[in-house]
Structures are given as structure tokens and as C-alpha cells.
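# Summary of the model geometry
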Amino acid sequence: MPSLFDSITLGAVDAPNRIIMAPLTRGRADRDAVPTDMMVDYYTQRASAGLIISEATGISREGLGWPFAPGLWTDAQVAAWKPVTDSVHAAGGRIVAQLWHMGRQVHSSVIGGQPVSSSATATEGQAHTFEGKQDFEVARPLELNEIPRLLNDYELATKNALAAGFDGVQIHAANGYLIDQFLRDNANLRTDEYGGSIDNRVRLLREVAERVISVAGADRVSVRLSPNGDSQGVDDSNPEPLFTAAAKALSDLGIAFLELREPGPDGTFGKTDVPKLSPAIRKVFKGVLVVNSDYDTLEKAQAELDKGDADAISFGRPFIANPDLPERLRDGAPLAKDDAKTWYSQGPEGYIDYPALETANA
């Protein structure tokens, strides 16, 4: 079986190792979702990952409700992403942009209008806003005549990602956001061609993937799914047939890789007793499969590769405090601990001040 340190081909991207940097929302853009200079340092520090998947990046103001998260729908955003990708490439790295529409997981005070979703539902709890936490609002269902506009937003964001120098894009279809709200039956109550049957609920994912592929090519497109258990209030009564159908559709389109976020019963950032679906998805998805969630040691990650259920592992929080994570794993060095209080703060603390191993030991 391959090791974490073996190279792997991810569509058009040749990755030097199988240690993928998972998308991590960090909140260091400005109020207009324009990347800042700090982000150049942050991503460049982590260029030794086999591939960096960027933090979730909005395709439109309607879809981006997280304060200080970046976007890819304006010229200013594209121009500010270019130094990031140039610096990562100069450091020998590879980076793709994760395309994000949050659906109902936003607040009107941030996006300037009522949230949209598959159906008129609301998430329990509170949304992050510029003014602090506020109660989630009831979303309005996307009208059929709005779907073309949504697909155009994904197309524009893909064109902008390539113009900004990204090596490809990842469609965020996980974690209870818009596409996930169409996929799963507790959030999708539609009676039209986007609701009801599994094929109908997979339709939007398939159409978004087809549109993005039409711009970037299948070998520069990946997708993230979260198939097992509740995610921000979004869940499904029978997930295995749903997500194997979704994975089969994506396999047929020939995407570069599929990433699965799969928490377990002892998860440290979300947990569920719903079994992982990667073994079932592995049977129908013929491309590269990447798994994520709580792989915080070399042993755990390598064991997943050894089982044959995945080809690579994406690491999230370990990359926050360990910018040189591949080197630390290879050398058996201890991993530094991240500080949750600075995950989403706007300054350099807890963002670009975690030292690399040689600096920490100097």
C-alpha cells in the first residue's frame, strides 16, 4: 500500500505527497471579502502540503455570509488572490480554490437579503455576523428560474479562480451548505425536479459540477462531501444510497478527486454514530478518494491508506499550528497545539506566528 509520503496524481496536479491541507475558514480577508497580505504568508508557510485546498471562498455575496472570509466574484478579490498563488507556487506548492455558497447558513445583515436554500427552512442556533452572533433566519427556496443564475455564479468564480492562478477548484458540497441542503432530505422539501427522489436531489450537485468542468476541465475539479451524520442541522434519513449515487455521478464526470469529511463517534469537531460511508463510496467512485476528520497522527492516517479505503488524507486543524506538517510527520516530531480562540480572529496571532520545526527548536 502507498505511504503518506508517496506522490500522487490528482487530475492535472502532481502532488509530491498524500498529505493534503483541508479547507480551513480563518477570517483574515477584509469586509469586502478581499484577501489580505497576511494570507500570502499563511499559505506559503504551508506549501509543503501535497496540495493546499484553500479556505472556503464565496462565489457571490449572496452565498458568503461569514465575516472576513474571502470571495472570488470581484476583480479586486482576484487581484488579491494572485500574490497568494504566486507565492505558493514559488515555494514549490500547489493550491486549489474551494468554491462556497453557504445557503441558509448566513444572516441578512451580512449578505444584504434573505438567505436562500432548497426549501423554506432555518438552522437552529446563531450565525456569525460582523456585529457578533445573531439568530439564523428562515431561508427562502431558490426558484427554478434562479438556478441558471446560480450556475453562472459558479462559472464566474471558476473563471476567476483560474485567472487568480489557482491550479483548480473544489466545489464545497458538504457541511450543511447550499448543495448539501439540496442533497439531504431533512432540508430539501421540494416537489419539483430538484426534490423528492435521490436523482432529483443530486441534480444541483451534478449541474454545478458540469458547469465548473466546462470552464476548468474535469482534471482540475474536485468536490467535498460530508456523507455521514448531521452537519449544521442538515441530515438524511438514508445516506448510503444518496451519497453513493452522488459519488457515482461525480465519478462518471471524471473529476480529479473526491474528498469526504467523515467524523466518528469520538470526533473532536463534530461527532456521529452514523457509520463512515467511504467503503461504500470507494466501490462506485473510480477516481482518487481523499478522507478527512480527526486524522491527527501519522499512525491514524497511514492506517486509513493501508485499509485501501482512501488514496490520500486531508488534515485540517493540524495544519493550523504546524505549517510544516509533512516534515513533522516524516520526522516523527511532536505536533504543536493550535489555539481555538484565534481560529477566526483578524490578526496575525494564531495565524502566521506558528513556527516551523527548525525555528521552534532554534
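The structure we're discussing is the one just above.
As the structure is a prediction and not an experimental result, all values here were calculated from the model.

Here we come to the packing of helix 6 (residues 198–216) against helix 7 (residues 239–253). Across the interface, helix 6 lies against helix 7 with an axial gap of 10 Å and an inter-helix angle of 25°. The orientation of helix 6 relative to helix 7 falls into the category roughly parallel. As helix 6 runs across helix 7, the sense of the crossing is right-handed. Of the residues in helix 7, those in contact with I198, R201, V202, L205, R206, A209, E210 and I213 of helix 6 are P241, L242, A245, A246, A249, L250 and L253. Classifying every residue of the contact of helix 6 with helix 7 by side-chain character gives twelve nonpolar, no polar and three charged.

Here we come to the packing of helix 1 (residues 37–45) against helix 2 (residues 75–90). Where helix 1 meets helix 2, the closest approach of the two axes is 9 Å, and the angle between their N-to-C directions is 25°. Classed by the angle they form, the pair helix 1 and helix 2 counts as roughly parallel. By crossing handedness, the relation of helix 1 to helix 2 is classed as right-handed. In this structure, helix 1 contributes M39, V40, Y43 and T44 to the contact, and helix 2 contributes W81, P83, V84, S87 and V88. For the contact of helix 1 with helix 2, the per-class residue count stands at seven nonpolar, two polar and no charged.

This paragraph deals with the packing of aromatic side chains. Aromatic rings in a pair are described by how distant their centres are and how their planes are angled relative to each other. Scanning all chains against the criterion turns up nine aromatic pairs. Measuring from ring centre to ring centre gives 5.3 Å for W100 and Y177, while their planes differ by 90°; the resulting arrangement is edge-to-face. Highlighted residues: W100 in strand 5 (residues 95–100) and Y177 in the loop between strand 10 (169–172) and helix 5 (178–183), separated in sequence by 77 residues. As far as burial versus exposure is concerned, W100 and Y177 are alike and both buried. Linked through ring pairs, Y42, Y43, W81, F166 and Y351 together constitute an aromatic cluster. Residue placement shows R31 over the ring face of F130; its charged tip is 4.0 Å from the ring centre. Seen from the ring of Y194, R203 lies directly overhead, with NZ or CZ sitting 5.9 Å from the centre.

Another aspect to go through is the sheet that holds strand 3 (residues 19–21). In a beta sheet, neighbouring strands pair by backbone hydrogen bonds and run either parallel or antiparallel. Spatial ordering of the closed barrel is given by 3-4-5-10-11-12-13-14, a layout of eight strands whose pairing is parallel. Adjacent strand axes in the sheet meet at a mean angle of 25°, parallel and antiparallel pairs treated alike.

Quick look at unusual backbone geometry now. We note that F68 has phi near 65°; this positive angle belongs to a residue other than glycine. Structurally, F68 is set in the loop between strand 4 (51–58) and helix 2. The backbone of N175 shows a phi angle near 60°, a positive value even though the residue is not glycine. Counting through the fold element by element, N175 comes out in the loop between strand 10 and helix 5.

The next subject is the side chain of T158. Within the fold, T158 resides in helix 4 (residues 147–163). Judged by its relative accessible area of 0%, T158 is buried. Those residues in contact with T158, other than ones at most four positions away along the chain, are L99, V169, V212, V215 and A216.

Quick look at the pattern of salt bridges now. One pass over the full model with this rule turns up 21 salt bridges. In this structure, R282 engages D311 in a salt bridge whose closest nitrogen and oxygen atoms are separated by 2.7 Å. With a gap of 29 residues between them, R282 in helix 8 (residues 278–284) and D311 in the loop between helix 9 (298–307) and strand 14 (312–315) connect regions that are remote in the sequence. Residue class for R282 comes out partly exposed when judged on its relative accessible area of 22%.

Below, the discussion takes up the pairing of strand 12 (residues 257–261). Within strand 12, five of the five residues are buried, which leaves it mostly tucked inside the rest of the structure. Going residue by residue along strand 12, you find F257, E259 and R261 tucked away on one face and L258 and L260 tucked away on the opposite face as well. Taken together, the four bridges between strand 11 (residues 221–225) and strand 12 define a ladder with parallel strand orientation. By the bridge assignment, S222 is partnered in strand 12 with F257. Here strand 12 runs beside strand 13 (residues 288–292); their pairing, made up of five bridges, is parallel. In the sheet register, F257 faces strand 13, and the bridge partner there is V288. The parallel pair strand 12 and strand 13 is bridged by helix 8, and the resulting crossover is right-handed.

Moving on to helix 7. Its 15 residues give helix 7 an end-to-end C-alpha distance of 21 Å, which sits within 8% of 21 Å, the value for a rise of 1.5 Å per residue. For helix 7, the complete set of buried residues consists of P239, L242, F243, T244, A246, A247, A249, L250 and S251. Against helix 5, helix 6, strand 11, strand 12 and helix 8 lie the buried residues of helix 7. Where helix 7 ends, the next residue or the one after it, G254, has phi of about 75°, a positive value.

This part covers the nonpolar core. One finds Y43, L225, L258 and F315 to be the most contacted residues of the largest nonpolar core, which totals 80 residues. The leading source of residues in this core is helix 6, at eight residues. Other than its neighbours up to four places away in sequence, L258 contacts V223, L225, A247, L250, I281, F285, V288, L289 and V290.

What counts as what
- Residues numbered from 1 in each chain as written.
- Predicted model: local features only at pLDDT ≥ 70, side-chain atom pairs only at ≥ 80, totals over all residues.
- Heavy atoms only, no water.
- Axes fitted to C-alpha atoms, helices over the stretch in contact; angles between N-to-C directions.
- Helix = DSSP H or I, 4+ residues; strand = E, 2+ residues; numbered from the N terminus.
- Parallel < 35°, antiparallel > 145°, perpendicular 65-115°, else oblique.
- Left-handed = near helix turned anticlockwise from the far one by under 90°.
- Contact = heavy atoms within 4.5 Å.
- Nonpolar A, V, L, I, M, F, W, Y, C, P; charged D, E, K, R; others polar.
- Phe/Tyr/Trp six-rings, centres within 6.5 Å; stacked < 30°, edge-to-face > 60°.
- Buried < 20%, exposed > 50% of the residue type's maximum accessible area, 1.4 Å probe, protein only.
- Lys NZ or Arg CZ within 6 Å of the ring centre and 35° of its normal.
- Pairing = 2+ DSSP bridges.
- Salt bridge = Lys/Arg side-chain N within 4 Å of Asp/Glu carboxyl O.
- Right-handed = clockwise from strand over helix to strand, strands pointing away.
- Expected span 1.5 Å × (residues − 1).
- Core = buried A, V, L, I, M, F, W, Y, C linked by side-chain atoms within 4.5 Å.

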